[in-house]
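So you can see what is in the structure, the chains are spelled out below.
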Amino acid sequence: MKMILGAISTSIVLLASCNSQKQSDNCFIQNNIDNAVAQHTIQTDLIERSGKILNPRTIDSNGNIHYVPIDDWCSGFFPGSMWLTYELTGDKKWVPLAEKYTEDLDSVKHLKWHHDVGFMIGCSYLNGYRLNNKTEYKDVIVEAARSLATRFRPGAGVIQSWDADRGWQGTRGWECPVIIDNMMNLELLFEASIMSGDKSLYDIAVKHADTTLENQYRDDNSCYHVIDYCLSTGNVRNKHTAQGYAHESSWARGQAWGLYGYITCYRYTGNKKYLAQAEKIYDFIFTNKNLPADLVPYWDFDAPNIPNEPRDASSAACTASALYEMEVYLPGKGYKETADKIMASLASPSYRAEIGTNGNFILKHSVGSIPHNAEIDVPLNYADYYFLEALMRKRNMENDSKNTMAYVKK
Ligand code: GLY
């Protein structure tokens, strides 16, 4: 509690001295760091008191925190947020917590039944390796990438996202479903390829990005959520949605995943076509008539009852983080300004929770999946993760315009 009060009073003092633009940026950053520390302190105290290793993802309809097992696709975000909190504060108190929650995911490196191992191991172990230089994390990262690579289907030229014969996915008649989210898993392959010298991991990432570029995007530069491929010919069997409003609608988080994913591909390949794709996606999002003035999208750009539809803060946070990186490659085109506007919205009381509320998550108002009637207008740990990542990138950018990408791990 002492720490939280300390953080609040630091913010008040800082806010009182925010005169110039530079000071106001620094105050914004510090205020949001203090807020994250306060929320994470309450969250981790709760976990530590339980004597267990718990992994918070969201809250349920009664406001209770929902914890997930390690094979949940969201299991990497909370450990990742611990690393980002360490990075943002420099306070070593976060390291043992980040290590403990990260290392709990060790066996995820063997997970082969879905594609999300990139999110899970990327946000946790990759950040841990980058910030804490634990060489043993390399083995987990490379092993996880090899597990992900087992889902590559050469006949279709893609990594298969979901198994077509299990769970609700098994009821859709798909053969090789690939979701746009899969673009977020490629960073793990690129990094593992550098770490291990195994070029095949790089080649799989590039092939997946190319096939997705060819088939997942529409003429207006929006994307489908699910493309179902024929495993032998690579022909597209279906263009569907799973979490969007309709097959032909534009699910908001999918647009953010694609934007972030293609910028990541440019980072590792230097291929300008990926950057051009990111610019096209940007144009789709930010010229869309249904994007609200605060730049936090409705859960689907074509949701039927706009403006009476839930927003999705997770899409906005992921987009903001991607745009800070895009500014590095394409400076002066307004990408940072757009990201700053998104961050100002997310950090406002409309989206940022009061300390000690919201299940101790930072952001309110995200959407998991409306078609599954799951996680509607709730906090989500990935909204917080990308918000903190964006904050870290913004801070790096404000401090040294030439060294904006401390996040690029070398
Ligand atoms: N990857 C699942 C989602 O974005 O909800």
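Structure shown above.
Residues numbered from 1 in each chain as written. Predicted model: local features only at pLDDT ≥ 70, side-chain atom pairs only at ≥ 80, totals over all residues. Heavy atoms only, no water.

**Q** Mind showing me how you'd approach the site of the ligand here?
**A** Close to the ligand lie Trp73, Asp181, Gln243, Trp251, Arg253, Trp257 and Tyr382, which account for all nearby residues. Asp181 places a polar side-chain atom, nitrogen or oxygen, 2.6 Å from a nitrogen atom of the ligand. Gln243 is positioned such that a nitrogen or oxygen atom in its side chain is 2.7 Å from an oxygen atom of the ligand. Contact with the protein chains covers 94% of the free accessible surface of the ligand, which is 200 Å². Partitioning the shell around the ligand into residue classes produces four nonpolar, one polar and two charged. (Near = heavy atom within 4 Å. Polar contact = N/O pair within 3.5 Å; in protein donor to acceptor, adjacent residues only side chain to side chain. Areas by Shrake-Rupley, 256 points an atom, 1.4 Å probe, with all protein chains shown as cover. Nonpolar A, V, L, I, M, F, W, Y, C, P; charged D, E, K, R; others polar.)

**Q** Hey, could you run me through the side chain of Glu325 in this one?
**A** By the element assignment, Glu325 lies in helix H11 (residues 313–329). Of note is the side chain of Glu325, whose polar atom sits 2.7 Å from the side chain of Arg267. (Helix = DSSP H or I, 4+ residues; strand = E, 2+ residues; numbered from the N terminus.)

**Q** Please explain the environment of Arg153 as it appears in this structure.
**A** Tracing the chain through its elements places Arg153 in strand S3 (residues 152–153). As a C-alpha pair, Arg153 and Ser232 span 79 residues in sequence and 8.8 Å in three-dimensional space. A polar side-chain atom of Arg153 sits 3.4 Å from the main-chain carbonyl oxygen of Arg151. A distance of 2.9 Å separates a polar atom in the side chain of Arg153 from a polar atom in the side chain of Gln160.

**Q** Teacher, can you tell me more about the sheet that holds strand S7 (residues 236–240) here?
**A** Either a parallel or an antiparallel arrangement is found when strands of a sheet pair, and the pairing is made through backbone hydrogen bonds. Across the sheet, three strands lie side by side as S5-S6-S7; this open sheet has antiparallel pairing. Only two strands of the sheet have a single partner each, and these edge strands are strand S5 (177–179) and S7. Strand after strand, the sheet turns through a mean of 20° between neighbouring axes, direction not considered. Here three bridges tie S5 to strand S6 (residues 226–229), and the two strands are oriented antiparallel to one another. If you follow Ile179 over to S6, its bridge partner there is Val226. Packing against the sheet, helix H8 (residues 199–215) makes contact with S5, S6 and S7, and its axis sits at approximately 105° to S6. (Pairing = 2+ DSSP bridges. Axes fitted to C-alpha atoms, helices over the stretch in contact; angles between N-to-C directions. Contact = heavy atoms within 4.5 Å.)

**Q** Please explain the pattern of salt bridges as it appears in this structure.
**A** Tallied over the full model, the rule gives 27 salt bridges. Glu375 is paired through a salt bridge with Arg57; the nearest N and O atoms lie 2.8 Å apart. Taken as a pair, Glu375 in strand S9 (residues 374–378) and Arg57 in strand S1 (residues 56–59) lie far apart in primary sequence, 318 residues in all. Considered together, Glu375 and Arg57 belong to a single accessibility category, that of buried residues. Arg166 serves as the salt-bridge partner of Asp163, at 3.4 Å between the closest nitrogen and oxygen. The class of Asp163 is buried, set by a relative accessible area of 16%. The exposure class assigned to Arg166 is partly exposed, which follows from its relative accessible area of 38%. Connected via shared salt-bridge partners are Asp25, Lys336, Asp340, Lys394 and Glu398. (Salt bridge = Lys/Arg side-chain N within 4 Å of Asp/Glu carboxyl O. Buried < 20%, exposed > 50% of the residue type's maximum accessible area, 1.4 Å probe, protein only.)

**Q** For this particular structure, what's the right way to read the environment of Ala313?
**A** You can see Ala313 is positioned in helix H11. Each residue touching Ala313, except ones within four places of it in the same chain, is listed here: Val296, Leu346, Tyr351, Lys364, His365, Ser366 and Ala383.

**Q** Is there a simple way to think about the side chain of Ser161 in this case?
**A** The residue Ser161 is located in the loop between strand S4 (158–159) and S5 in this model. Leaving out residues up to four positions away in the same chain, Ser161 has contacts with His114, His115, Arg151, Pro177, Val178, Ile179 and Asn182.

**Q** What is the right way to look at the packing of aromatic side chains in this model?
**A** The geometry of two aromatic rings is summed up by the distance between their centres and the angle between their planes. Scanning the entire structure with this criterion turns up 25 aromatic pairs. Centre to centre, the rings of Trp162 and Trp168 are 5.1 Å apart; their planes meet at 70°, and the pair counts as edge-to-face. The buried category is assigned to Trp162, whose relative accessible area is 8%. Taking relative accessible area as the criterion, Trp168 reaches 31% and is therefore assigned partly exposed. Seen from their ring centres, Tyr266 and Tyr329 are 4.9 Å apart, and the 70° between their planes marks the pair as edge-to-face. Taken as a pair, Tyr266 in helix H9 (residues 252–269) and Tyr329 in helix H11 lie far apart in primary sequence, 63 residues in all. (Phe/Tyr/Trp six-rings, centres within 6.5 Å; stacked < 30°, edge-to-face > 60°.)

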